[in-house]
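In case you want the letters, here they are:
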Amino acid sequence: MDRKYYSFVGIYTFTYAAIGMLLPLLGQYLAHIGFSGVQIGIVTATATLVGIGAAPFWGYRSHHSKDSTRVVIFICVAAAVVIVGLIFVRQYFVFLLGYAVFAFFQVPVMPLTDAMTLQNRIPFGAVRKWGAIGFAVGVFFAGQAAEVTSLAVIFPLCAFGYTVAWILMVRLRNGGQLIDAAQPHETIKRCGNYLVLLKNKKLMALLFAAFFICGTNVANNTYFGFLYKDAGGSIAGIGVAFLLMCSGEAPFMAWTERLEKILSMERMILISMIISALRYLWYSTGPAPGLLIGTFFLQGMVNGIVLVEFVHYVAKLVEPAMIGMAMTLYQAVSSSSSSILCQFIGGAILDFYGSTQVYLFFSIYNMIGILLYAGFRLYKCSD
């Protein structure tokens, strides 16, 4: 493997470690400083709402930029600066505003990094698995650090992850090894804008079905900690659980190309969606902490396939020059918009009915996605 491949490995590892050190314990931190379940839901949902506009905005800027890599570098730096400042904020409305600003820069990092990877013809599953490993190690490390220090440590740790990723991107860019995703002016005029993507009926059907899957994957990062603690687990145990669950994603991400030859990309997504719905249904019965940890491979199976194959499916349905904008549209519609609903409703359910009922909602939500995916016949293989 060449230096460029290992640079992308580092970028995925540290960008996802940054989020892993923040999101799973953010709800616990906010509860610790006095926020209610509804307030926690509003904070996470508002940040995701900002992400709906931020992802297409930065995707458009990247698509039309003479140096699209610089856009990704800038938002990494901005995210690091904003998140470290939140360690000093305890007022609800001030924190809400600051976290929304953080989301404006943070949310587009993932889809634009995916676009960079596809544009540079790096094996996506092979490098994306390092994002899962980085997230898992980040959660574990943050959980242990929070246990011996305080939950506030998640903010500088998150900033550290984005800082390292920024350094790696700068070195890669300055080394002249990147194929810039920005297109010449004539190509941009031919490709048009987001209206071109919105007229792609199969792409829209895929994004609509993915809406009912991706949101629960994101919201699970917030509410699994409450489920685990309600079952009798500890803060450190949350870190262990996420370490195992997210580590389980890596091998499935690495195996996606082999599995495609057996089941096809389209059918692998359908199977993963079904497993996701059944997993959340089981969580709603309130399993013991040991059982929650013991079935970590279920998350690895679901997320390891879905997170890679949805990206592959989206890229398959659009022209190469539109991949960057398609990735940010996928992030805005299928992930961010869905996450708002899951996080906000999840917070309300948590306050009034408890954590197990949050996961009953997640299961029903996934079942709707399965029906749509099957109804649109998206499981059918196509060349």
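Residues numbered from 1 in each chain as written. Predicted model: local features only at pLDDT ≥ 70, side-chain atom pairs only at ≥ 80, totals over all residues. Heavy atoms only, no water.

**Q** Please explain the overall build of the protein as it appears in this structure.
**A** On a plain count of helices and strands, the protein comes out with 18 helices and 0 strands. Relative to the globule expectation of 21 Å for 383 residues, the C-alpha radius of gyration of the protein, 19 Å, shows essentially globular dimensions. Principal-axis analysis of the C-alpha atoms places the extent of the protein at approximately 60 × 45 × 40 Å. In the protein, which comprises 383 residues, the share counted as buried stands at 62%. For the protein, restricting intrachain contacts to residue pairs at least 6 apart in sequence, the fraction spanning at least 24 positions comes to 87%. Counting 24 positive and 15 negative side-chain charges, the protein places the averaged centre of each group 5 Å from the other. (Helix = DSSP H or I, 4+ residues; strand = E, 2+ residues; numbered from the N terminus. Rg over C-alpha atoms; globule rule 2.2 N^0.38 Å. Buried < 20%, exposed > 50% of the residue type's maximum accessible area, 1.4 Å probe, protein only. Contact = heavy atoms within 4.5 Å. Lys, Arg positive; Asp, Glu negative; His and termini not counted. Charge placed at Lys NZ, Arg CZ, Asp CG, Glu CD.)

**Q** Could you clarify how one ought to interpret the nonpolar core in this entry?
**A** Soluble globular proteins tend to pack their nonpolar side chains together in the buried interior. Among the nonpolar cores identified, the biggest contains 134 residues, and Leu 22, Phe 95, Tyr 99, Tyr 162 and Phe 224 are the most heavily contacted of them. With sequence-adjacent residues up to four places away left out, Tyr 162 is seen in contact with Phe 14, Thr 15, Ala 18, Ile 19, Cys 76, Ala 79, Ala 80, Phe 102, Gln 106, Val 109 and Met 110. (Core = buried A, V, L, I, M, F, W, Y, C linked by side-chain atoms within 4.5 Å.)

**Q** Can you help me understand empty space enclosed by the protein in this one?
**A** Think of a ball as big as a water molecule: rolled over the atoms, this probe shows where empty space is left. Counted according to the given criterion, the structure contains 3 cavities of 30 Å³ or more. Here the largest cavity is characterised by a volume of approximately 730 Å³. Taken together, 35 residues line the largest cavity, and the ones lying closest to its centre are Tyr 16, Val 218, Asn 221, Gln 331 and Ser 335. For the lining of the largest cavity, the elements supplying multiple residues, two or more each, are helix H1 (3-20), helix H3 (37-64), helix H5 (92-106), helix H6 (109-119), helix H7 (124-148), helix H11 (201-230), helix H16 (296-316) and helix H17 (323-352). Taken together, the residues of the lining of the largest cavity sort by class into 18 nonpolar, 14 polar and 3 charged. (1 Å grid on protein atoms, 1.4 Å probe; cavity = no way out; pocket = protein on both sides within 12 Å on 5 of 7 lines; lining within 4 Å. Points joined across faces, edges and corners; volume = space filled by probe spheres on them. Nonpolar A, V, L, I, M, F, W, Y, C, P; charged D, E, K, R; others polar.)

**Q** Whenever I open this one, a nonpolar patch on the surface confuses me. Can you help?
**A** There is a patch of nonpolar side chains on the surface, built from Val 77, Val 81, Trp 166 and Ile 167 and spanning about 330 Å² of accessible area. Mapped by element, the contributors of at least two residues to the nonpolar patch are helix H4 (68-85) and helix H8 (154-174). Among the structural elements, Val 77 can be located in helix H4. (Patch = residues over 30% accessible without salt bridge, like charges linked within 9 Å, V, L, I, M, F, W, Y side chains within 5 Å. Areas by Shrake-Rupley, 256 points an atom, 1.4 Å probe, with all protein chains shown as cover. Salt bridge = Lys/Arg side-chain N within 4 Å of Asp/Glu carboxyl O.)

**Q** Honestly, the environment of Leu 278 in this entry has me stumped. Any pointers?
**A** Relative to the helices and strands, Leu 278 resides in helix H14 (residues 265-283). Taking the C-alpha atoms as reference points, Leu 278 and Met 367, separated by 89 residues in sequence, lie 8.9 Å from one another.

**Q** Please clarify how the confidence of the model for the protein should be interpreted in this entry.
**A** Low pLDDT marks regions whose predicted coordinates should not be analysed in detail. Across the protein, the average pLDDT comes to 87, with 95% of residues at or above 70. Here helix H9 (residues 185-191) is the element of the protein with the lowest mean pLDDT, 42, and helix H18 (residues 355-375) is the one with the highest, 96. Low confidence marks residues 181-191, where pLDDT is under 50. Its contacts with residues over four positions away, or in another chain, come to 18 contacts. (pLDDT = per-residue confidence, 0-100.)

**Q** Got a minute to help me understand the side chain of Arg 128 in this structure?
**A** Position of Arg 128 among the secondary structure elements: in helix H7. No salt bridge is formed by the buried Arg 128; the nearest opposite charge belongs to Asp 114, separated by 5.0 Å. Only 3.5 Å separates the side chain of Arg 128 from the side chain of Tyr 16, close enough to count as a polar contact. (Polar contact = N/O pair within 3.5 Å; in protein donor to acceptor, adjacent residues only side chain to side chain.)

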